[in-house]
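# Structural features, examined
Single-letter residue listing:
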Amino acid sequence: MRASGILLPVSSIPSKYGIGGFTKEAYEWIDFLKKSGQTFWQILPLGHTSYGDSPYQPFSTFAGNPYFVSLDDLIEQGLLTEEECDEAQLGTNPSYVDYGKQFENRFTLLRTAYENDKKNDQTAFEAFVKEQAHWLPDYALFMAVKDLHDKKAWYEWDDAYRMREPEIIEKAKIELADDICFHEHIQYWFLTQWVKLKAYANEQGIRIIGDMPIYVAIDSADAWTSPQLFQFDEDLQPVRVAGCPPDAFSDDGQLWGNPLYDWDCHKKTGYSWWISRIRHAAVLYDVLRFDHFRGFDEYYAIPFGEKTARNGNWMPGPGMDLMNAIEENVEDIEIIAEDLGTITDSVRDLLEESGYPGMKVLEFAFGGGSDNPYLPHNYDTTNCVVYTGTHDNETLFQYIANASDYTRDHIKNYMNRFWDNYEQLCDNMVRLAMMSIAKYCIIPMQDYLHLGEEARMNFPSTLGGNWEWRLTKEQISDGLADFIGNITRVSGRWMKEPVKPVEDEKKEPDAQTEEGSTAESLETEAAGGAEEKTQDRGWAPRQDSEFQPEN
């Protein structure tokens, strides 16, 4: 099936309170996607961002970003007032996120909402906590202890907490019970709101493409609670960390600093942590992009303490052993492989054996000769996803503006289409992507809007100024939807009408399912729950009780 979509991070959606979230504007964005004939909305990771605000360095691989919780929704529930939210100073620039103000002021609002919510019936919340028991208590404890230590990274905590001594952990669970419950409430709001938004998208025929970082952050609940899954020594210091070797773009390579997996340990557990992770993702997304797919074949390991990535070496990853475990144990999730960068024959073999579509990026296509694999005439299969650029690249307009005259002439000659300015050249390159044989085509929203450097989402290996760009309401118009829709229609990618679900006869709750109705609530939500009142929202089913990681 040929189809297309638009890449727009949740943080970039227009909103009243300084950052995009699960607000009415997100529903309006889905309406825009439908009107323009799109099938996909691709987003960046939804995780709870940490220092640096990168969605690829979250505090948990399971927890959601508190910034995305809709304050309007909490106002509707009577947990906050408009006055409280208006006075919170969450940022005033509609084009950029002020993460400092979000960090300083949003949690105060969420704490107020939590204190008010404690007065209400907690039945649905308690069912949620039970269903998410494989990750939520550890994450909430991690955040509460982090607050106790002035938000320092866990490896800087007092030794008793750092090493998770049983006595101190049990004491913390009692003494920090209210703080733990607060963080659990944030996740309850986050996931109930997201499930409702995703259900609305699916009803409109829009599928969500999520993004899964291959690694977890070193300062994460995952690393703290399950250190046996990572390459740590007995004192919980990393032995090696992740990164990329030197290349044409960086003489020192990229030193990411993430802890590396102990793949032997994962294999012994039947990859239970990974299966749990992917099953959780299957609730959040319809399609999942595996970031840094090469790392599953071979991963670059840098000795801990190195100042650059120069002295690392390649080590074998899990390969098809992990992919087979995912296929056997996870249903209802389609996977895209981010196979960019320097790709070896063994990575190509892994991609082919897995059956996952890889990625093609037009901004990489016009360097070198006619055999460049990113040029559309070299696509040897329809089983791929073509992009003009990704969140890590220049915007298309910026790429064209910064290109050499030779590169621009190459683009012009390749397409044999008239262009009088950079905006027209942007449109021509979008058309080139849409007309390619790739089964899916994803265009960053900035490229439809001809935005330049000011709208770049991320510049890899830099801190500050990233992840900030936001779409404004004025930039979304019926005319733009018609323009996108026309390219989508003529390229044979117009959204197929969603198949309406057939109502089954009512079934008795599974006797083995706790809280009967909650286990079926996601299906109810997807079939029409978007119209339910906030207080009656269902909950995402617990899917992975058999695959809890060892603690």
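First things first, this report covers the structure right here in the doc.

About the thresholds
- Residues numbered from 1 in each chain as written.
- Predicted model: local features only at pLDDT ≥ 70, side-chain atom pairs only at ≥ 80, totals over all residues.
- Heavy atoms only, no water.
- Core = buried A, V, L, I, M, F, W, Y, C linked by side-chain atoms within 4.5 Å.
- Buried < 20%, exposed > 50% of the residue type's maximum accessible area, 1.4 Å probe, protein only.
- Contact = heavy atoms within 4.5 Å.
- Helix = DSSP H or I, 4+ residues; strand = E, 2+ residues; numbered from the N terminus.
- Pairing = 2+ DSSP bridges.
- Right-handed = clockwise from strand over helix to strand, strands pointing away.
- Axes fitted to C-alpha atoms, helices over the stretch in contact; angles between N-to-C directions.
- Salt bridge = Lys/Arg side-chain N within 4 Å of Asp/Glu carboxyl O.

So, about the nonpolar core. Trp41, Trp189, Trp274, Phe290, Phe293 and Phe296 are the most contacted members of the largest nonpolar core, which totals 169 residues. With near-sequence residues (within four places) excluded, tryptophan 189 lies in contact with Val69, Leu74, Leu79, Leu110, Ala113, Tyr114 and Asp117.

Turning our attention to the pairing of strand E1 (residues 3-7). With five of its five residues buried, E1 lies for the most part within the structure. A two-sided burial pattern is seen for E1, the buried positions comprising Ala3, Gly5 and Leu7 on one face and Ser4 and Ile6 on the other. In the sheet, E1 pairs with strand E2 (residues 40-42) via three bridges, with the strands oriented parallel. Across the sheet, residue leucine 7 finds its bridge partner in E2, namely glutamine 42. A crossover connection joins E1 to the parallel E2 through helix H1 (residues 24-35); in handedness this β-α-β unit is right-handed.

So, about the sheet that holds strand E9 (residues 334-337). The strands making up a sheet are joined through hydrogen bonds of the backbone, oriented either antiparallel or parallel. The strand order E9-E6-E3-E2-E1-E12-E11-E10 describes an open sheet built from eight strands, whose pairing is parallel. Each having just a single partner strand, E9 and strand E10 (358-361) make up the two edges of the open sheet. Pairwise comparison of adjacent strand axes, ignoring direction, gives a mean angle of 25° for this sheet. By the bridge criterion, four bridges tie strand E3 (residues 207-212) to strand E6 (residues 287-290) in an arrangement that is parallel. By the bridge assignment for E6, isoleucine 209 is matched with valine 287. Helix-sheet contacts for helix H17 (residues 422-435) involve E1, strand E11 (384-387) and strand E12 (440-444), and the interaxial angle to E12 is about 160°.

In spatial order, the strands read E5-E4-E7-E8; together these four strands make up an open sheet with antiparallel pairing. Looking at strand neighbours, the two that pair on one side only are strand E5 (254-259) and strand E8 (313-316), the edges of this open sheet. Looking at each pair of strands side by side, their axes are set apart by 50° on average, direction ignored. Here strand E7 (residues 298-303) pairs with E8 via four bridges, running antiparallel. Looking at the pairing, tyrosine 299 lines up with methionine 315 of E8.

Another point: the pattern of salt bridges. Tallying each qualifying case throughout the model produces 24 salt bridges. Put simply, aspartate 219 and lysine 146 hold a salt bridge, and the shortest N to O gap is 2.6 Å. Remark: lysine 146 occurs in helix H6 (residues 136-148) and aspartate 219 occurs in the loop between E3 and helix H10 (221-225); sequence separation between them is 73 residues. Here the two residues aspartate 219 and lysine 146 agree in accessibility, since each one is buried. Between aspartate 235 and arginine 162 there is a salt bridge, and its shortest N-O distance comes to 3.2 Å. With aspartate 235 in the loop between H10 and strand E4 (240-244) and arginine 162 in helix H7 (residues 159-162), this pair connects stretches of sequence that are 73 residues apart. Beyond isolated ion pairs, a larger network of salt bridges with shared partners links Arg111, Glu115, Lys118, Asp178 and Asp179.

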